[in-house]
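# Residue-level structure breakdown
Letter by letter, the chains look like this.
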Amino acid sequence: MNFCPVAGIDVSKSFSDMCILSPDNKIFAQEKIYHDETSINRANALLQKAEQIFSSKPVIVMESTSHYHLILFQFFSEHGYDVIVVNPLQSSSMKDFAIRKRKTDRVDAFKLAMLYRTKTLHPSQIPQAAMRALRQLCRERVECLNDVTSYKNRLTAFLDQAFPGYDKIFSDVGGITSCAVLVHFPTPAILLAAEEAELVEVIAAASKSGYGFAKKKAELLISAAQKAQTLGIHSCADETLIVCTIQMLRTLSESVFQIEKAINNLLAQVKEVRNNVSLLQSIPGIGSHSAALLLGEIGDFTLFKKPKQLAAYFGLDPSERQSGTFRGTKNKLSKRGSPYARAALHMGVVNAICKHGKKTAPNPVLLSYYEKKCKNKPAKVAQAASMHKLVFIIFAVLRVPAVEVLAQLLDRLAEALEMHDLPRAEEADDVVHIRIVRQAQNVVIRRAGLLLGRKVLAQIADGVAHDLHRCGRPGRAGGRLRIDASRVIDEIRRKGALLLLLLRQVPRELVDDRADHLQMPELLRAQRSIGNVPKYQI
């Protein structure tokens with residue numbers, strides 16, 4: 001049998017069990033790995049011994065166990081092993097592998113190793129540090145916001161008992177002004193004992209809406225407090241519970257602010273991640289935080305070859321039931337993917353199809369699709385279908401490599417330019433001369449601007465848009481041409497996301513030598529055979 005040795009590792013919090021199988025599936029060694037340097041190095045020595053004996057590097061299989069498997073995954077990956085992290089749903093399928101009813105860590109490690117022999121597993125990808133950080137930050141932000149909602153609900157419950165009617169005065173009991181009032185006057189008795197001027201001062205300072213607004217709110221609060229003295233359920237614990245809950249709300253809100261600041265710093269430092277977030281934000285309905293979260297959950301986009309794979313990764317693929325002649329018709333979503341991504345997609349759909357007053361929906365395409373589905377499907381089913389559609393849009397936005405965008409732009413640019421002596425990529429010298437077609441100067445500005453980016457827009461404006469060839473010599477452009485050129489350049493400046501995408505290795509300059517042609521660096525020359533331009537260079 002042409003099998004390599006395989007090591008199954010059953011992971012737990014404090015230690016893990018490793019079972020190494022020989023190519024003929026016999027147990028070669030078993031080892032308990034404590035999560036410290038000495039024990040992990042001892043396990044690595046066993047794997048190296050297996051490699052020497054069987055002349056093949058062992059493959060390591062471990063189960064995804066919260067965050068406990070990450071240290072082992074990183075250590076063995078850095079030491080050159082193929083490490084496969086399996087979903088617990090996959091590993092649980094081996095529980096009845098043997099007839100005897102045995103459930104121990106050693107047995108589980110053996111079953112994980114045998115799972116590899118089914119040839120259905122693939123090596124796991126090491127996430128980039130930036131993408132892993134983005135995912136962790138976005139998930140932590142979601143959890144903090146969920147905690148904020150939870151504590152607001154707790155505060156509402158306390159106030160419903162101790163201060164009935166308070167929620168009718170402040171629509172958001174966890175808001176800045178409401179929290180300021182409750183910190184100073186947590187119960188109706190304390191509020192009534194205080195001076196009205198003091199209450200007005202607190203409201204005015206917190207709301208920054210003036211004393212007229214504060215005076216009106218204070219009167220409503222005093223009236224509600226008088227009624228609450230009769231209707232409310234009072235306890236000596238009310239003051240402590242309300243104040244502590246508000247302190248937790250403020251702490252969580254500050255944590256959310258710090259996390260958002262860290263996300264912005266990360267995007268500012270990593271250009272590729274920032275560009276992809278900008279691309280996702282270009283989809284109507286997806287905001288900055290949703291775009292960052294979705295990108296973090298996707299991770300390495302190159303692993304997805306089809307949009308259906310991305311939909312399945314998010315858990316938006318339909319489940320299927322069939323046995324014999326029976327075929328299930330009431331199939332639900334699998335929901336096997338990231339719940340964070342599904343929540344972001346749900347909000348993206350809601351934002352895209354909702355109409356605010358007389359304004360049209362932000363995403364008419366998605367709205368039309370949703371309304372079409374609503375004709376013969378329940379609203380929630382139509383919403384799930386719209387989420388599926390949104391995933392396809394996301395896939396289309398992220399998959400188009402910049403090289404294809406440049407190829408399309410260059411095709412249009414070629415129609416507007418008369419090119420002379422355009423050599424092949426391998427024959428070219430440092431500069432290629434491109435002669436301007438006089439009647440197509442506006443087209444040249446638009447296409448060259450999109451191609452070359454904002455760094456050279458001023459040069460384009462001065463060197464091309466405002467020059468006309470008169471008697472073989474450039475002159476100043478006047479009248480309508482100059483106005484149109486300025487408008488086109490202003491429009492290009494606003495397309496920052498696309499420009500940043502195209503600026504990765506795009507020519508750094510566009511030089512007007514005051515003659516009848518422009519000089520462009522190497523990229524334009526190489527586009528003649530676009531396949532010769534590596535994708536990573538764009």
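Quick caveat: nothing in here was measured; it's all calculated off a predicted structure. (Residues numbered from 1 in each chain as written. Predicted model: local features only at pLDDT ≥ 70, side-chain atom pairs only at ≥ 80, totals over all residues. Heavy atoms only, no water.)

On a plain count of helices and strands, the protein comes out with 22 helices and 13 strands. Across the 538 residues in the protein, those meeting the buried criterion constitute 41%. Taking the contacts inside the protein whose residues are at least 6 apart along the sequence as the reference set, 61% of them involve residues at least 24 apart. Of the roughly 30,200 Å² of accessible surface on the protein, 52% is carried by carbon and sulfur atoms. (Helix = DSSP H or I, 4+ residues; strand = E, 2+ residues; numbered from the N terminus. Buried < 20%, exposed > 50% of the residue type's maximum accessible area, 1.4 Å probe, protein only. Contact = heavy atoms within 4.5 Å. Areas by Shrake-Rupley, 256 points an atom, 1.4 Å probe, with all protein chains shown as cover.)

This brings us to the nonpolar core. If you look at the biggest cluster of nonpolar residues, it comprises 45 residues, and the most contacted ones within it are Leu 134, Leu 294, Leu 310, Phe 314, Leu 345 and Ile 394. Other than its neighbours up to four places away in sequence, Phe 314 contacts Leu 294, Glu 297, Ile 298, Gly 337, Ser 338, Ala 341, Arg 342, Leu 345 and Val 391. Within the second largest apolar cluster, 30 residues are counted, among which are Phe 163, Cys 179, Val 202 and Ile 242. (Core = buried A, V, L, I, M, F, W, Y, C linked by side-chain atoms within 4.5 Å.)

Attention now moves to the side chain of Ser 16. One can find Ser 16 in strand E2 (residues 15-21). Ser 16 gets classed as buried once you look at its relative accessible area, which sits at 0%. Of the polar contacts made by the side chain of Ser 16, one reaches the side chain of His 35; its length is 2.8 Å. (Polar contact = N/O pair within 3.5 Å; in protein donor to acceptor, adjacent residues only side chain to side chain.)

A separate point is unusual backbone geometry. Despite not being glycine, Ser 55 shows a phi value in the positive range, around 55°. Overall, the relative accessible area of 66% leaves Ser 55 in the exposed class. Of note, the phi angle at Ser 66 is positive, near 50°, even though the residue is not glycine. Here Ser 66 falls in the exposed class, since its relative accessible area comes to 55%.

Attention now goes to the pattern of salt bridges. In the structure shown here, the tally under the stated rule is nine salt bridges. Note that Arg 42 and Glu 31 form a salt bridge whose closest N and O atoms lie 3.0 Å from each other. Residue Arg 42 is found in helix H1 (residues 37-54), and its partner Glu 31 is found in strand E3 (residues 27-34); the two are separated by 11 residues along the sequence. In this structure Arg 42 comes out as partly exposed when scored by relative accessible area, which is 40%. (Salt bridge = Lys/Arg side-chain N within 4 Å of Asp/Glu carboxyl O.)

With respect to topology, five strands assemble into an open sheet ordered E3-E2-E1-E4-E5, the strand pairing being mixed. Every interior strand has two partners, whereas the edge strands, E3 and strand E5 (82-86), have only one. Averaged over neighbouring strand pairs, the angle between their axes works out to 20° when direction is ignored. In this structure, strand E4 (residues 59-63) lies alongside E5, joined through five bridges in parallel fashion. When the bridges of E5 are listed, Val 59 appears paired with Asp 82. The strands touched by H1 are strand E1 (6-11), E2, E3 and E4; relative to E3, the strand with the most contacts, the crossing angle is about 165°. (Pairing = 2+ DSSP bridges. Axes fitted to C-alpha atoms, helices over the stretch in contact; angles between N-to-C directions.)

Moving on, we come to helix H8 (residues 196-207). Note: α-helices contain 3.6 residues per turn, so residues at a spacing of three or four share the same orientation. Along its 12 residues, H8 runs 16 Å from first to last C-alpha, staying within 8% of the 16 Å computed at 1.5 Å per residue. Buried within H8 we find Leu 199, Val 200, Val 202, Ile 203, Ala 204 and Ser 207. Turning to H8, the residues buried within the fold contact helix H6 (176-184), helix H7 (188-193) and helix H9 (211-231). Phi turns positive, to about 55°, at Lys 208, one or two residues after H8. (Expected span 1.5 Å × (residues − 1).)

Two faces belong to every sheet, and in a regular strand the side chains alternate between them. For E1, the buried fraction is high: six of the six residues fall into the buried class. Across the two faces of E1 the burial is the same, with Val 6, Gly 8 and Asp 10 and Ala 7, Ile 9 and Val 11 all buried. As judged from the six bridges shared by E1 and E2, these two strands associate in the antiparallel manner. The partner of Val 11 across the bridge, within E2, is Ser 16. From the end of E1 to the start of E2, which pair antiparallel, there are three residues. With four bridges connecting them, E1 and E4 associate as parallel partners. Opposite Gly 8, over in E4, you have Val 61 as the bridge partner.

What follows concerns the environment of Tyr 369. Turning to its location among the elements, Tyr 369 is positioned in helix H15 (residues 364-374). Every residue in contact with Tyr 369, bar those within four places of it in the chain, is listed here: Ala 385, Ser 386 and Lys 389.

With that settled, consider the packing of aromatic side chains. Remark: the centre distance and the inter-plane angle together describe each pair of aromatic rings, the angle taken between the planes. Applying the stated rule across the entire model yields 10 aromatic pairs. Both rings, one in Tyr 166 and one in Phe 170, keep their centres 5.5 Å apart while their planes meet at 40°; by these two values the pair is tilted. Exposure class is identical for Tyr 166 and Phe 170. Each is buried. Measuring from ring centre to ring centre gives 5.9 Å for Tyr 313 and Phe 314, while their planes differ by 50°; the resulting arrangement is tilted. The rings of Phe 301, Phe 304, Tyr 313, Phe 314 and Phe 395 are connected pair by pair, giving a single aromatic cluster. Taking NZ or CZ as reference, Lys 57 lies 4.5 Å from the ring centre of Tyr 81, over its face. Stacked on the ring of Phe 170, the Lys or Arg Lys 217 has its end atom at 5.1 Å from the ring centre. (Phe/Tyr/Trp six-rings, centres within 6.5 Å; stacked < 30°, edge-to-face > 60°. Lys NZ or Arg CZ within 6 Å of the ring centre and 35° of its normal.)

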